[in-house]
Amino acid sequence: MSNGISAADQSHEYAGKRLGLPEEGVDSLAPVMRRFAGTAIDWFLAMGIVLLVFGQELEDPRTNFWILGTWALMGVVSVWLFSFTTGQLVLGMRVVRVGAEERVGLVRALIRSALLSIVVPAFFVDIDGRGLHDRLSGTAVVRTR
C-alpha cells in the first residue's frame, strides 16, 4: 500500500464496518460507555423493584441474588419483546441481530442475558467493541438516534 495502511487495517476502518453497520449516526455501534450507562440504569431499576416490591433490605445477603435475577429477567423480556431495555431506551440504543432483519428473539435474548449475568463475557471484546455475550448471541447494540 502506498499510504502505509495495510489491507487488514483498511478492512476495519471503523467499529461496525465488518458487521455492515454505518460509521456514525442511527444504527452505528453504540459506544462502550453509553452501553455501560444503560446497564447501570437497568441495574438501579432492578434494585428499586426488588426493594419496593419484595421488601428486601440492602443488608440482606439474598438481596443481590434477587436484584441480579430481576435485572436478568427484565433484560430477557424487554430485549425479546421490544429490542431494548429501559436503560437502552433512555440512552438511545437498541439490540439488533447482526446480518439479519429479524428481531433478537427469545433464545438470543436468553443467551445474552445469561452471559451478561456472569459479567465476565462483557470484558472480552472484539475489534468492534462487542462483548462475548453479543458475539455468541449474534447481536450488537446500536444507536437509535
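Residues numbered from 1 in each chain as written. Predicted model: local features only at pLDDT ≥ 70, side-chain atom pairs only at ≥ 80, totals over all residues. Heavy atoms only, no water.

Topic: the overall build of the protein
So, step 1. The helix and strand tally for the protein stands at six helices and two strands.
So, step 2. Along the protein, helices (α) and strands (β) appear in the sequence α-α-α-α-β-α-α-β when read from the amino end.
So, step 3. The 145 residues of the protein split such that 36% are buried.
So, step 4. A separation threshold of at least 6 residues defines the contact pool for the protein, and within that pool the share at least 24 residues apart is 59%.
So, step 5. For the protein, the exposed surface amounts to about 8600 Å²; the carbon and sulfur share of it is 65%. (Helix = DSSP H or I, 4+ residues; strand = E, 2+ residues; numbered from the N terminus. Buried < 20%, exposed > 50% of the residue type's maximum accessible area, 1.4 Å probe, protein only. Contact = heavy atoms within 4.5 Å. Areas by Shrake-Rupley, 256 points an atom, 1.4 Å probe, with all protein chains shown as cover.)

Topic: the side chain of Thr70
So, step 1. Along the chain, the position of Thr70 falls in helix H3 (residues 62–82).
So, step 2. Take Thr70: its relative accessible area is 12%, and that puts it in the buried class.
So, step 3. Apart from the residues within four sequence positions on either side, Thr70 is in contact with Ala46, Ile49, Val50 and Phe54.

Details of the nonpolar core
So, step 1. Within the largest apolar cluster, eight residues are counted, these being Ala30, Val76, Val79, Met93, Val95, Val104, Ala109 and Val141.
So, step 2. Mapped by element, the contributors of at least two residues to this core are H3 and strand E1 (93–97). (Core = buried A, V, L, I, M, F, W, Y, C linked by side-chain atoms within 4.5 Å.)

Section: the packing of aromatic side chains
So, step 1. Applying the stated criterion across every chain, the model contains three aromatic pairs.
So, step 2. With 5.4 Å between their ring centres and 75° between their planes, Phe65 and Trp66 make a pair best called edge-to-face.
So, step 3. We classify Trp66 as partly exposed; its relative accessible area is 37%. (Phe/Tyr/Trp six-rings, centres within 6.5 Å; stacked < 30°, edge-to-face > 60°.)

Things to note about the confidence of the model for the protein
So, step 1. Confidence in the prediction for the protein averages 86 pLDDT; 89% of positions are at 70 or higher.
So, step 2. For the protein, the element scoring lowest by mean pLDDT is helix H1 (residues 7–11), at 50; helix H4 (residues 86–90) scores highest, at 97.
So, step 3. Predicted confidence is poor over residues 1–9, with pLDDT under 50, and the contacts of this stretch with residues over four places away or in other chains come to five contacts. (pLDDT = per-residue confidence, 0-100.)

Looking at the environment of Leu68
So, step 1. Locating Leu68 in the fold gives a position in helix H3.
So, step 2. Sequence separation between Leu68 and Ala46 is 22 residues; the distance between their C-alpha atoms is 7.7 Å.
So, step 3. What Leu68 contacts, discounting residues up to four positions off in sequence, is Trp43 and Ser117.

Observations regarding the side chain of Arg130
So, step 1. The topology assignment puts Arg130 in the loop between helix H5 (106–117) and helix H6 (132–137).
So, step 2. By relative accessible area, Arg130 is classed as buried at 9%.
So, step 3. A distance of 2.6 Å separates a polar side-chain atom of Arg130 from the backbone oxygen of Thr139.
So, step 4. Those residues in contact with Arg130 that sit more than four places away from it in its chain are Leu19, Leu29, Val98, Phe124, Val125, Arg135, Gly138, Thr139 and Ala140. (Polar contact = N/O pair within 3.5 Å; in protein donor to acceptor, adjacent residues only side chain to side chain.)

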